[in-house]
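# Structure assessment
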Amino acid sequence: MGKARILCVDDDIAQLTVMAGILKTDGYEVETAKSGTDGIAKAREWKPGLIILDIMMPGMDGYEVCRHLKRDPETEHIAVLMLTAKGGVDEPVDHAYELAGKVKDRLKGFDSGAIEFLTKPVKAKDLLQRVKAILWASGLPV
Amino acid sequence: MSKKILLVEDSRTEALRTQLILERAGYQITLAANGKEGLFKAAMEKPDVILLDTLMPQMGGFETVGRLKLDPQTHNIPVLILAAEDERANMPSGDAIAAVMRKPFDPTRLLNKLDEITKGNGGDLHAELLRAQHQVEEAKKSRTDFLANMSHELRTPLHEIMGMTDLLLGTELTSEQQGFINTTRASSNALLSLIGDVIEFSEIEVGQLGLEEKEFDLAEPIERAIEIAMPYATDKGLDLSTRIAAQIPKRVVGDANRVRQVLTNLVTNAIKFTERGGVVLSVNSEQSAVNSDTDTVHSSLLTVRFAVRDTGIGIPADRREIIFEPFQQVDSSATRRFGGMGMGLALAKQLVTLMGGKIWADSQPGQGSTFHFTAQFKRATVEPRPAAAASAGKAAQNLEILLAEDSPTNQLIAVANLKKAGHAVTVANNGRIAVQLFEERGRRGARSFFDLILMDVAMPEMDGLEATKAIREKEKALGGHTPIIAMTAFTTKEYRDKCAAAGMDAYISKPVRIDELTKTFEPFLSRESETPTVAPVALQDALEIVGGDVDLLKSAVALSLREVTGQFEELKQALAQQNPKAVEASAHRLKGIMGNLGATAARDIAQRLETMGEQGNLAGGPAAAQELDGAIARVIAFFSDPDWEKRARASQGGADG
């Protein structure tokens, strides 16, 4: 059996191209979707082992997509890694409410069923590292 | 007894997994989410082994190892590194690390390794001896460390309190409430500077704080200290003056900031303890005062002697030394009467010692005190060439200046001084006329007719703040940015913030001194003609994002640039329609696009716009959009030049070979 299948969902085509390029170079099978609805359809049909999901997208946002995936018995088992551009929780903030906002975003993501977060822009190294950890934890080929 | 393991790992998933494995095997686990937290917990909990992830934001694994090994409290604890394969090459060498495991790791191998490490450690007599030896050192250090750690922890919430207090001051308050808040702010400020002193004091004590060695103008720290202390002196009606001996060399090598810090400390202290009279700061060169031998002139080291004399309450003879110890004052009633001064002199003493000098106090109780200190500097190798100074002055000559000022006396003085300095001046009697003149005089190319506007703040009909806002509003349509400098008698932060919010670039306090004025506006004028120094694209960042794959970056660039124009149009439309949600969304997308290309400047501006949209306040939107437009244009220009690709490939080739 080869490496795992990964579905990337983002409305930014350049971001999709970069992620897909990095993951493919590392030997993964990659599919992309440019919107939430497209992502859900591809998840049902293609059955990836991991979905990398952008939060802020026009139409259906990442939280909604994730909730949807987790309600559907066909897709509920798929691990979701969320992409956020709101900055990492470790970065310095000027005010406590900024940090509170970021933490709230993350909690919302975890509540919707995501298992991990990555902050944009994502470095290739971090992306692969995080993807491997999740696949390993889900018992999939890394 | 079960062994304690500190697990330093930023990924929640990984941490959870490792924790489960280790706990099942009977270890006791403490988690730390980043390097900094790891260091703190390692020192506090003294684990038997530290398990460290190498891929962490902020302080990475390798830096963390370095710091663990530097700290005597933790340097004996074995460290097991969890690393991705490609990082093994950069691994710190030798005995710093007990073992390395590749991620994702095999649980059984990890447990075996841990077993090996903990057993080896327990049986090693030599290690035990070393540990005992370090316990003695630890005890010496622990108090200082504790103070430093506590102070760092205190500073964060204190910043919050101060931030919120500032926000509160901006709301409608009764004068009674205003008084309460002002007191809160003053107390917070005092506490903050005390905490800062404690931190620095402990840093010096443990040898973490070093001095800079840079060439500087000796007059700079002196002027700066006086500037900081002047408002306090004025408040109390005290004279504050300086006497600098002529034979002092202008340029020296040393740490200007530290000199300033000690001077500020002594001068504000003197003011605090003086009710009438004044404070004099004098500066002498020690050698020339003591001996006039010619060979001292050629020595490369120079000792400067500073003295701060006041006419205050004075210090009894038996307290003159103890006041330089931490948390000591002349007597405990002084704490109540004067507040503060717990750490200031102790810190000053340390800094002076670092600078190779001494500090001491002379005093006649009831008559006043003089604080002396000496500091050693290296002589600057080359004195500045006067030619350079002259050409810098010339750049700021022959300006078209608009002066908005209602008082005829002030007008007279300002016009005379500005003309003497070679500028042309147009006078407006109030803000309304200033705005009118700004418009009528028309433009010179992309720029306004005026090079600079000096704006009084309090004026009849239309004040300086309103006039500035109006001018900035007009500039949105016309383009350009004319520097506006506020002239004001009020120098509180609150007031300065108001000026900045209205769109003013700087402020100077009244009465206006021409040299100060020139100094204030010079940076604005030179900035206009200079090309931006920040590179539009951090190529190294962009390469890291694509994992060094230049072709992938090329296609990302092509796709991004195709998208960016449309996105920017959407943003402009959203701004025109005053739709914060749409501004947030399109700015967010632009931020993502720019971030992926390593275009940090453009990304930050987009971020600002996103925040404006999020908060529903689009007032600064058009100006930021204009800025973003320029930044994007520079990014496009950067990637249109095929040179970037060559450089990118070269840097990758270099990294491989």
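### Regarding the sheet that holds strand 2 (residues 28-32) of chain B
Residue and element names in this part refer to chain B.
- If you walk across this open sheet you meet the five strands as 2-1-3-4-5, and the pairing is parallel. Each edge of the open sheet carries a strand with a single partner, namely strand 2 and strand 5 (99-102). Averaged over all pairs of adjacent strands, the angle between strand axes in this sheet comes to 20°, irrespective of strand direction.
- With four bridges joining them, strand 3 (residues 49-53) and strand 4 (residues 79-83) adopt parallel strand pairing. Of the residues in strand 4, the one forming a bridge with Ile 50 is Val 79.
- Strands in contact with helix 1 (residues 12-24) are strand 1 (4-8), strand 2 and strand 3; relative to strand 2, the strand with the most contacts, it is inclined by about 165°.
- Where helix 2 (residues 35-45) meets the sheet, its contacts fall on strand 1, strand 2 and strand 3, and the angle it forms with strand 2 comes to roughly 140°.

### Description of the sheet that holds strand 1 (residues 5-9) of chain A
Residues and elements named next belong to chain A.
- Taken together, five strands build an open sheet; the order of strands is 2-1-3-4-5 and the sheet is parallel. Both edges of this open sheet fall to strand 2 (29-33) and strand 5 (116-119), since each of them pairs with a single strand only. Across this sheet, the average inter-strand angle for adjacent strands is 20°, counted without regard to direction.
- Looking at chain direction, strand 4 (residues 79-84) and strand 5 are connected through four bridges and run parallel. Bridged to Leu 81 within strand 5 is Glu 116.

### A word on the packing of aromatic side chains
All names here are of chain B.
- If you walk through the whole model with that rule in mind, you get six aromatic pairs over all chains.
- Judged by centre distance (5.9 Å) and plane angle (75°), the ring pair of Phe 216 and Phe 377 falls under edge-to-face. Of this pair, Phe 216 sits in strand 6 (residues 214-217) while Phe 377 sits in strand 12 (residues 368-379), and the two are 161 residues apart along the sequence. The two residues Phe 216 and Phe 377 agree in class, both being buried.
- With centroids separated by 4.7 Å and ring planes inclined at 15°, the aromatic side chains of Phe 306 and Phe 373 adopt a geometry described as stacked.

### Considering the nonpolar core
- Within the largest apolar cluster, 64 residues are counted, with the highest numbers of intra-cluster contacts made by A:Leu23, A:Ile52, A:Val131 and B:Leu628.
- Take this core: its biggest share by element is eleven residues, from helix 20 (residues 550-576) of chain B.
- When residues no more than four places from it in sequence are discounted, the contact partners of A:Leu23 are A:Ile6, A:Cys8, A:Tyr28, A:Val30, A:Ile52, A:Leu127, A:Leu128 and A:Val131.
- Core analysis: the next-biggest nonpolar cluster, separate from the first, contains 47 residues, B:Phe201, B:Val259, B:Val308 and B:Phe373 among them.

### Here's the deal with the interface of chain A and chain B
- On the chain B side, the residues contacting the 37 residues of chain A number 43 residues.
- Between chain A and chain B, the buried area comes to about 3400 Å², and carbon and sulfur atoms account for 58% of it.
- The interface formed by chain A and chain B contains two salt bridges.
- Note that B:Glu544 and A:Lys123 form a salt bridge whose closest N and O atoms lie 2.9 Å from each other.
- Between the two partners, chain A and chain B, sit six residue pairs in polar contact (both at pLDDT 80 or more).
- If you list the elements that add at least two residues to the side of chain A that touches chain B, you get helix 1 (13-25), helix 4 (96-112) and helix 5 (124-137) of chain A.
- Residue composition of the side of chain A that touches chain B, grouped by class: 19 nonpolar, six polar and twelve charged.

### A look at a positive patch on the surface
All names here are of chain A.
- Taken together, the side chains of Arg 67, Arg 71, Lys 104 and Lys 108 define a basic patch exposed on the protein surface.
- The set of elements that each furnish at least two residues to the positive patch consists of helix 3 (62-71) and helix 4.
- Among the structural elements, Arg 67 can be located in helix 3.

### Some details on the packing of helix 20 of chain B against helix 21 (residues 580-596) of chain B
Residue and element names in this part refer to chain B.
- Two elements in contact, helix 20 and helix 21, have axes whose closest approach is 9 Å; the angle formed by their N-to-C orientations is 155°. When the axes of helix 20 and helix 21 are compared, the pair comes out roughly antiparallel. Where helix 20 crosses over helix 21, the two elements pack in a sense that is left-handed. Contacts between helix 20 and helix 21 involve Ser 560, Glu 563, Val 564, Gln 567, Phe 568, Glu 570, Leu 571, Ala 574 and Leu 575 from the former and Ala 582, Val 583, Ser 586, Ala 587, Arg 589, Leu 590, Ile 593 and Met 594 from the latter.
- Looking at side-chain class alone, the contact of helix 20 with helix 21 contains eleven nonpolar, three polar and three charged residues.

### Brief notes about the side chain of B:Thr482
- Along the chain, B:Thr482 falls in the loop between helix 16 (464-478) and strand 18 (484-488).
- In this view, B:Thr482 contacts B:Phe438, B:Ser448, B:Phe450, B:Asp451, B:Leu452, B:Ile453, B:Arg472, B:Glu475 and B:Asp505; residues no more than four positions away in its chain are not counted.

### Digging into the packing of helix 7 (residues 219-235) of chain B against helix 8 (residues 256-272) of chain B
All names here are of chain B.
- With their axes 8 Å apart at the nearest point, helix 7 and helix 8 run at an angle of 25° to one another. The angle between helix 7 and helix 8 places the two elements in the roughly parallel class. Between helix 7 and helix 8 lies a crossing whose hand is right-handed. Contact residues: helix 7 offers Pro 221, Ile 222, Arg 224, Ala 225, Ile 228, Ala 229, Tyr 232 and Ala 233, while helix 8 offers Ala 256, Val 259, Arg 260, Leu 263, Thr 264, Val 267, Thr 268 and Ile 271.
- Within the contact of helix 7 with helix 8, the residues separate by chemical class into twelve nonpolar, two polar and two charged.

### As for the pairing of strand 4 of chain A
All names here are of chain A.
- Across the six residues of strand 4, six count as buried, placing the element largely inside the fold.
- Judged by which residues are buried, strand 4 turns out to be covered on both faces: Ala 79, Leu 81 and Leu 83 on one side and Val 80, Met 82 and Thr 84 on the other are all buried.
- With respect to chirality, the unit in which strand 3 (residues 50-54) leads through helix 3 into the neighbouring parallel strand 4 is right-handed.

### Re the confidence of the model for chain B
Residue and element names in this part refer to chain B.
- Mean pLDDT for chain B: 77, with 78% of residues reaching 70 or above.
- Overall, residues 288-298 carries pLDDT values under 50, and its contacts beyond four positions in sequence, including any with other chains, amount to five contacts.
- Taken together, the stretch residues 334-341 has pLDDT below 50 and engages in 17 contacts with residues farther than four places along the chain or on a different chain.

### Side note on the pattern of salt bridges
- Overall, the coordinates contain 31 salt bridges over all chains when judged by the stated rule.
- Here B:Arg589 ties to A:Asp11 by a salt bridge, and the two come within 3.2 Å at their closest N and O atoms. With B:Arg589 in helix 21 and A:Asp11 in the loop between strand 1 and helix 1, this residue pair bridges two chains.
- Residue A:Asp11 is classed as buried on the basis of its relative accessible area, which comes to 15%.
- Several salt bridges converge on common partners, so that one network encompasses B:Asp551, B:Lys554, B:Glu645 and B:Arg649.

What counts as what
Within every chain, residues take consecutive numbers counted from 1 along the sequence as written. As they are written, the chains are lettered A onward and the ligands numbered 1 onward, keeping that order. The predicted nature of this model means local features are confined to residues of pLDDT at least 70 and side-chain atom pairs, given and counted, to a pLDDT of 80 or more, with totals for whole chains, interfaces and linings taken over all residues. Hydrogens and waters are ignored; side-chain quantities use all the structure's heavy atoms. DSSP bridges decide pairing: two strands pair if at least two such bridges lie between them. Helix and strand definitions here come from DSSP, where helices need a minimum of 4 consecutive H or I residues and strands a minimum of 2 consecutive E residues; each element is numbered from the N-terminal end. A fitted line through C-alpha atoms serves as each axis, taken over the contacting stretch for helices, and the angle formed by two N-to-C directions is quoted from 0 to 180°. The criterion used for residue contact is that any of the two residues' heavy atoms lie within 4.5 Å. Any two of the Phe, Tyr and Trp rings considered here, Trp counted by its six-membered ring, make a pair once their centres fall within 6.5 Å; the pair's planes then place it as stacked at under 30 degrees, edge-to-face at over 60, or tilted in between. Buried residues are those whose accessible area, probed at 1.4 Å on protein chains only, stays under 20% of the maximum for their type, while exposed residues exceed 50% and partly exposed ones sit between those limits. Nonpolar cores were defined as sets of buried Ala, Val, Leu, Ile, Met, Phe, Trp, Tyr and Cys residues, with membership established by side-chain atoms within 4.5 Å. Summed over both partners, the accessible surface that disappears when two parts come together, traced with a 1.4 Å probe, is what is meant by buried area. Just to be clear on terms, a salt bridge is a Lys or Arg side-chain nitrogen sitting within 4 Å of an Asp or Glu carboxyl oxygen. Polar contact is defined as a pair of N or O atoms within 3.5 Å, subject to the rule that within protein one atom must be able to donate a hydrogen and the other to accept it, and that residues adjacent in sequence are counted only when both atoms are side-chain atoms. Amino acid classes used here: Ala, Val, Leu, Ile, Met, Phe, Trp, Tyr, Cys and Pro are nonpolar; Asp, Glu, Lys and Arg are charged; the rest, including Gly, are polar. Patch members must show over 30% relative accessible area and no salt bridge, and they are joined within 9 Å when carrying like charges or within 5 Å when they are nonpolar side chains of Val, Leu, Ile, Met, Phe, Trp or Tyr. The accessible surface values rely on the Shrake-Rupley method and a 1.4 Å probe; as for residues, cover is taken only from the protein chains in view. Here Asp and Glu are counted as negative and Lys and Arg as positive; His is not counted, and neither are the chain ends. Here the site of a charge means atom NZ of a Lys, CZ of an Arg, CG of an Asp or CD of a Glu. Orientation labels follow simple angle bins: below 35 degrees gives roughly parallel, above 145 gives roughly antiparallel, 65 to 115 gives roughly perpendicular, and whatever is left gives oblique. Crossing chirality is assigned from the near helix's rotation relative to the far helix, an anticlockwise turn below a right angle marking it left-handed and a clockwise turn marking it right-handed. Call a crossover right-handed when, viewed with both strands pointing away from you, the route from the first strand across the helix to the second goes clockwise. A score between 0 and 100, pLDDT records how confident the predictor is in each residue.

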